[in-house]
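# Analysis of the macromolecular model
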Amino acid sequence: MPSPVGHTIAGLAVALISQKRKNRRYIFPIILCVFFATVPDFDFIPGLLMNRPALFHGDLTHSIGFAFVISAVAAVSLRLKGLSILSTFTLGFTSYLTHLLLDLFNPDGRPPYGIPLLWPISETYYLSPWTMFTGVQHASSTSTTTLDFLRQVITFHNIKAIGVEILLVTPISILIIWLRHKYASKAGKIRSEGVWKENRAKMQ
Ligand SMILES: [Zn+2]
């Protein structure tokens, strides 16, 4: 799996892509998107409480079905300032999908390899044959204890893996944000030129 750093950058990118330049209400979308981009890995928590951190990791929380349900529940129950139910759902769901996408392109050293992406439609675990990241190592098996988990997390390999994530995810995110705002301002310009011509025609 990529680390929370890679997932946080992807969540931030979703928040910034969704914002219009004139409407800079970033704080709620940023909190929402970063939360949803990282929340699938909260599946470590029940395992941590049982001294087996990886026991539930990479299971149903890593599926489109779960992403849909949790985004819908959040959209209906949260009332975020300046965000409609549909916007909250779209931001949450998209951010959640970035997590699944990054995990798909990550090496997985522990069976079942990959994530149950299409659950509940299919229970197959999917993993891209082509990996983008070097992968954060954390637990060699679901029976790994919390102490061994921590020993396996704090390594030079994982520091390098986080560096690779930053180097890969940041430029891709910046490029998508730039393209989004470039085409949004172009579309706005064409629209305002159209309105100006329409008004001019009415005056003549
Ligand atoms: Zn994950």
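This text goes with the structure placed above it.
On the secondary structure map, S143 appears in the loop between helix 5 (85–104) and helix 6 (146–153). Spatially, the C-alpha atoms of S143 and G11 are 31 Å apart, while their sequence positions differ by 132 residues. In terms of polar contacts, S143 uses its side chain to reach the side chain of S141, at 2.9 Å.

A few words now on the pattern of salt bridges. For the structure on display, the rule yields one salt bridge. With its nearest N and O atoms 2.8 Å apart, the salt bridge here joins R151 to D148. Of this pair, R151 and D148 are both found in helix 6, three residues apart, which corresponds to roughly one turn of the helix. A relative accessible area of 54% places R151 in the exposed class. Here D148 falls in the partly exposed class, since its relative accessible area comes to 31%.

Before going further, it helps to examine the packing of helix 4 (residues 64–77) against helix 5. Interaxial distance between helix 4 and helix 5 falls to 8 Å at its minimum, and their mutual angle equals 150°. On the basis of their axis angle, the class for helix 4 and helix 5 is roughly antiparallel. Of the two elements, helix 4 crosses helix 5, and the hand of that crossing is right-handed. In contact with I64, F66, A67, F68, I70, S71, A72, A74 and A75 of helix 4, helix 5 contributes I85, T88, F89, G92, F93, Y96, L97 and L100. When the residues that make up the contact of helix 4 with helix 5 are grouped by side-chain class, the tally is 14 nonpolar, three polar and no charged.

With that out of the way, let us pick up the coordination of the zinc ion. Within the protein, D41 (OD), H62 (NE2), H99 (NE2) and D103 (OD) serve as the donor atoms for the zinc ion, at 2.1 to 2.2 Å. Taken together, the four donor atoms coordinating the zinc ion span angles of 87 to 172° at the metal, a pattern that classifies the geometry as irregular. Read in sequence order, the donor residues for the zinc ion give the motif D-x20-H-x36-H-x3-D. Here the residue H99 and the residue D103 both occupy positions in helix 5, the gap between them amounting to four residues, near one helical turn.

The next subject is unusual backbone geometry. The omega torsion of the bond from P111 to P112 falls at -5°, within 30 degrees of zero and hence cis. Its place among the elements puts P112 in the loop between helix 5 and helix 6. The amide bond that connects W119 to the next residue, P120, takes the cis arrangement and shows omega of 10°. As for its placement among the helices and strands, P120 is situated in the loop between helix 5 and helix 6.

This next bit is on the side chain of D41. Residue placement: D41 occurs in the loop between helix 2 (27–38) and helix 3 (44–49). When near neighbours in sequence (up to four residues on either side) are disregarded, D41 contacts M1, P2, H7, H57, H62, H99 and D103.

Before going further, it helps to spend a moment on the layout of surface pockets. The computed volume of the largest pocket comes to approximately 490 Å³. Looking at the largest pocket, it is lined by 29 residues, and the ones nearest its centre are M1, D108, G109, R110 and H138.

Along its 14 residues, helix 4 runs 20 Å from first to last C-alpha, staying within 8% of the 20 Å computed at 1.5 Å per residue. Within helix 4, burial applies to G65, A67, S71, A74 and A75. Of the surrounding secondary structure, the elements contacted by the buried residues of helix 4 are helix 2 and helix 5.

Of all hydrophobic cores here, the largest spans 18 residues; its most connected members are L91 and Y96. Taken together, the elements giving at least two residues each to this core come down to helix 1 (4–18), helix 2, helix 4 and helix 5. Of all the elements, helix 5 adds the most residues to this core, at six residues. Those residues in contact with L91, other than ones at most four positions away along the chain, are V14, S18, P29, L32, C33 and L83.

Once that is clear, we can look at the packing of aromatic side chains. Counted by the stated rule, this structure contains seven aromatic pairs. Aromatic pair F35 and F36: ring centres 5.6 Å apart, planes at 85°, arrangement edge-to-face. According to the relative accessible area criterion, F35 is partly exposed, its value standing at 38%. Residue classification places F36 among the buried positions, given a relative accessible area of 3%. Arranged with centres 5.4 Å apart and planes meeting at 10°, the rings of F89 and F93 form a pair that is stacked. Here the residue F89 and the residue F93 both occupy positions in helix 5, the gap between them amounting to four residues, near one helical turn. Seen from the ring of Y183, K182 lies directly overhead, with NZ or CZ sitting 5.1 Å from the centre.

The rules behind the values
- Residues numbered from 1 in each chain as written.
- Predicted model: local features only at pLDDT ≥ 70, side-chain atom pairs only at ≥ 80, totals over all residues.
- Heavy atoms only, no water.
- Helix = DSSP H or I, 4+ residues; strand = E, 2+ residues; numbered from the N terminus.
- Polar contact = N/O pair within 3.5 Å; in protein donor to acceptor, adjacent residues only side chain to side chain.
- Salt bridge = Lys/Arg side-chain N within 4 Å of Asp/Glu carboxyl O.
- Buried < 20%, exposed > 50% of the residue type's maximum accessible area, 1.4 Å probe, protein only.
- Axes fitted to C-alpha atoms, helices over the stretch in contact; angles between N-to-C directions.
- Parallel < 35°, antiparallel > 145°, perpendicular 65-115°, else oblique.
- Left-handed = near helix turned anticlockwise from the far one by under 90°.
- Contact = heavy atoms within 4.5 Å.
- Nonpolar A, V, L, I, M, F, W, Y, C, P; charged D, E, K, R; others polar.
- Donors = N, O, S within 2.8 Å, 3.2 Å for Na, K, Ca; no water.
- Tetrahedral: all angles 85-135°; square planar, octahedral: opposite > 155°, others 65-115°.
- 1 Å grid on protein atoms, 1.4 Å probe; cavity = no way out; pocket = protein on both sides within 12 Å on 5 of 7 lines; lining within 4 Å.
- Points joined across faces, edges and corners; volume = space filled by probe spheres on them.
- Expected span 1.5 Å × (residues − 1).
- Core = buried A, V, L, I, M, F, W, Y, C linked by side-chain atoms within 4.5 Å.
- Phe/Tyr/Trp six-rings, centres within 6.5 Å; stacked < 30°, edge-to-face > 60°.
- Lys NZ or Arg CZ within 6 Å of the ring centre and 35° of its normal.

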